[in-house]
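Overview (structure and organization)
Residues per chain, in single letters:
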Amino acid sequence: MLSITCVVVLVVHLVAIVESLSFVKVKNARLSLDDHTYIYVGTNFWYGANLGSLGPGGDRERLKRELDHLHELGVNNLRVQAGSEGPDTEPWRIIPSLQPSPGEYNLDVLDGLDFLLSEMSKRQMRAVMCLNNFWHWSGGFAQYIAWADGPGTIIPYPGDYNQFELFSARFYEIKKATDWFDDHIRFLLSRKNRYTNVAYTSDPTIMSWELANEPRRLDLSWVNRTACLLKELAPRQLVTTGVEGKISSNNFSNDHASPCVDYATFHLWVQNWNIFDPHNASATLPLAIDYAKNYIDFHAAYKDKPIVLEEFGISRDNGNYMPTASVTVRNQYYRVVLTHSRSNGVPTNFWAYGGEGRPRIPAANWSQGDDFTGDPPHEPQGWYSVYNDDRSTLDLIKEFATTESTSSTTRLLFSISICLFTITLLI
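So, a few notes on the structure that sits alongside this text. (Residues numbered from 1 in each chain as written. Predicted model: local features only at pLDDT ≥ 70, side-chain atom pairs only at ≥ 80, totals over all residues. Heavy atoms only, no water.)

**A closer look at the sheet that holds strand S2 (residues 30-33)**
Sheet strands pair via backbone hydrogen bonds, and the direction of the pair is either parallel or antiparallel. Filter applied, for reference: If DSSP finds at least two bridges between two strands, the strands pair. Numbering of helices and strands starts at the N terminus; helices are DSSP runs of H or I of at least 4 residues and strands are runs of E of at least 2.
Spatially, the 3 strands line up as an open sheet ordered S1-S2-S3, and their pairing is antiparallel. Of all the strands in the sheet, the pair left with one neighbour each is strand S1 (25-27) and strand S3 (36-37). When S1 meets S2, the two strands line up antiparallel, connected through 3 bridges. Counterpart to Lys-27 in the pairing with S2 is Arg-30.

Listed below in structure tokens is the structure:
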């Protein structure tokens, strides 16, 4: 009788784990998986759909190798771009775009997104699906505005970031632009993956839907309306904002106050924000480390909802863009950020995984035909990318990334072993 009971308990336990793996949840203001707090080290893999495409830029064999490598490292949470806008003649863009014009989709890139998610599901990986972008490198808000304003509209690309911000923030108030974005949401969330035959909204691979990458000058009514549209269409999946945090937010708590937003986000860029100078690392790295700790502490103090540090990175030593340049400072910084985030119970996604990609010309902008490296098209290639042979950095990432997955596996194996041992005694 005891052996039968044990088997039943084991089966129930296994079923519960499988079911809980179906969707990441929110429990006690923390992300939860398998009834345990979900703390992870993930990465930004924004180019995944393009790499999975059968069209220009696609390389499915490379994609599978990259996913295998990340999975081996314990990096099983990927933040990917699930919206990019054309036309593909614009500068500093992801090319080809997913949506060349309103309501028109590049079927190869769309198929690449299906393929990416299907391959991730085989490896029990989770996706954060970023649907839009405040910045220009995927089209984003600025392109929706240009579509709405009509022919002849000139996007004031940075350069002057303040001028660009003012232009991009017009998105919230242009109904035609927001309507087209709502249409994109409805289109994508009504899709069924052609490789798995699973509807996107029923796919446990998709952890969350993100309103946009780094939306600034927020219109909170737009946040609430759009987040609630996502929750209506995908009630079993999570919704978040993509906000950078304190650096650009007037009120971080208000940014995430919508009942349809499940968790909060923040980003950390000590070099972009002129706190760290790679050419004067001995003097500025201590300042950057103190800033990073305080920045994490500030956002971790927000207790209303779970919080994720979904972007952080730092350059190779001396600001060298060559893939062979040393990474001593980067490893020091990564260790501090990962340690401090873990001690605060904050999941992280480092920026970014370049894998097998290498810049055609280090420090140049990306051009169509170049490898995807993790640095977006408008930025110097080789700036923040972590490559597949950056062994010391990868060992560090693996050290932190495997902590939670190992403990979860250990709990399961312990349960199995106890039941099997009991059965053996009774045979």
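**Focus: the state of the cysteines**
Using the following cut-off: The disulfide criterion is simple: two cysteine sulfur atoms within 2.5 Å.
Counted by the stated rule, this structure contains 1 disulfide. Two residues share a disulfide in this structure: Cys-228 and Cys-260, whose sulfurs sit 2.1 Å from each other. Taking the sign of the torsion about the S-S bond as the criterion, the disulfide between Cys-228 and Cys-260, at about 90°, is right-handed. Highlighted residues: Cys-228 in helix H8 (residues 220-233) and Cys-260 in the loop between helix H9 (252-255) and strand S9 (264-268), separated in sequence by 32 residues.

**Topic: the nonpolar core**
Put simply, the test is: Here, the term nonpolar core denotes a set of buried Ala, Val, Leu, Ile, Met, Phe, Trp, Tyr and Cys residues that are joined through side-chain atoms within 4.5 Å. Here's how the labels work: a residue is buried when its accessible area is under 20% of the maximum for its type, exposed when over 50%, partly exposed in between, all with a 1.4 Å probe on protein chains only. Throughout, a residue-residue contact means that at least one pair of heavy atoms, one from each residue, lies within 4.5 Å.
Ranked by internal contacts, the top residues of the largest apolar core, which has 109 residues, are Phe-45, Met-129, Trp-209, Leu-268 and Tyr-333. Broken down by element, this core gets its largest block of residues, 8 residues, from helix H10 (residues 281-300). Setting aside residues no more than four positions away along its own chain, Leu-268 makes contact with Trp-273, Tyr-291, Ala-292, Tyr-295, Ile-296, Leu-309, Glu-311, Phe-312, Gly-313, Tyr-333 and Val-337. Grouped together as the second largest cluster of nonpolar side chains are 10 residues, Leu-33, Val-128, Leu-238 and Val-308 included.

**Examining unusual backbone geometry**
Residue Pro-87 is bonded to the preceding Gly-86 through a cis peptide linkage, with omega at 15°. Counting through the fold element by element, Pro-87 comes out in the loop between strand S5 (77-81) and helix H4 (107-122). Cis geometry marks the peptide bond from Ile-95 to Pro-96, where omega comes out at -5°. Note on placement: Pro-96 falls in the loop between S5 and H4. Notably, Arg-217 is not glycine yet its phi reads approximately 50°, a positive angle. By the secondary structure assignment, Arg-217 is in the loop between strand S7 (206-210) and H8. Given the relative accessible area of 38%, Arg-217 is considered partly exposed.

**Brief notes about the pattern of salt bridges**
Note the cut-off: Salt bridges are counted wherever a side-chain nitrogen of Lys or Arg sits within 4 Å of a carboxyl oxygen of Asp or Glu.
Enumeration over the complete set of coordinates arrives at 27 salt bridges. Among the ionic pairs, Asp-111 bridges to Arg-194, the shortest N-O distance being 2.9 Å. One end of the pair, Asp-111, is in helix H4; the other, Arg-194, is in the loop between helix H7 (175-189) and S7, with 83 residues separating them in the sequence. A residue is classified by how much of its surface remains accessible, and Arg-194, at 56% relative accessible area, is exposed. The salt bridge partner of Arg-217 is Glu-165, with a shortest N-O separation of 3.0 Å. On the criterion of sequence distance, the pair formed by Arg-217 in the loop between S7 and H8 and Glu-165 in helix H6 (residues 161-168) is long-range, its members being 52 residues apart. Residue class for Glu-165 comes out buried when judged on its relative accessible area of 10%. Members of the salt-bridge network, linked through shared partners, are Asp-68, Glu-119, Lys-122 and Arg-123.

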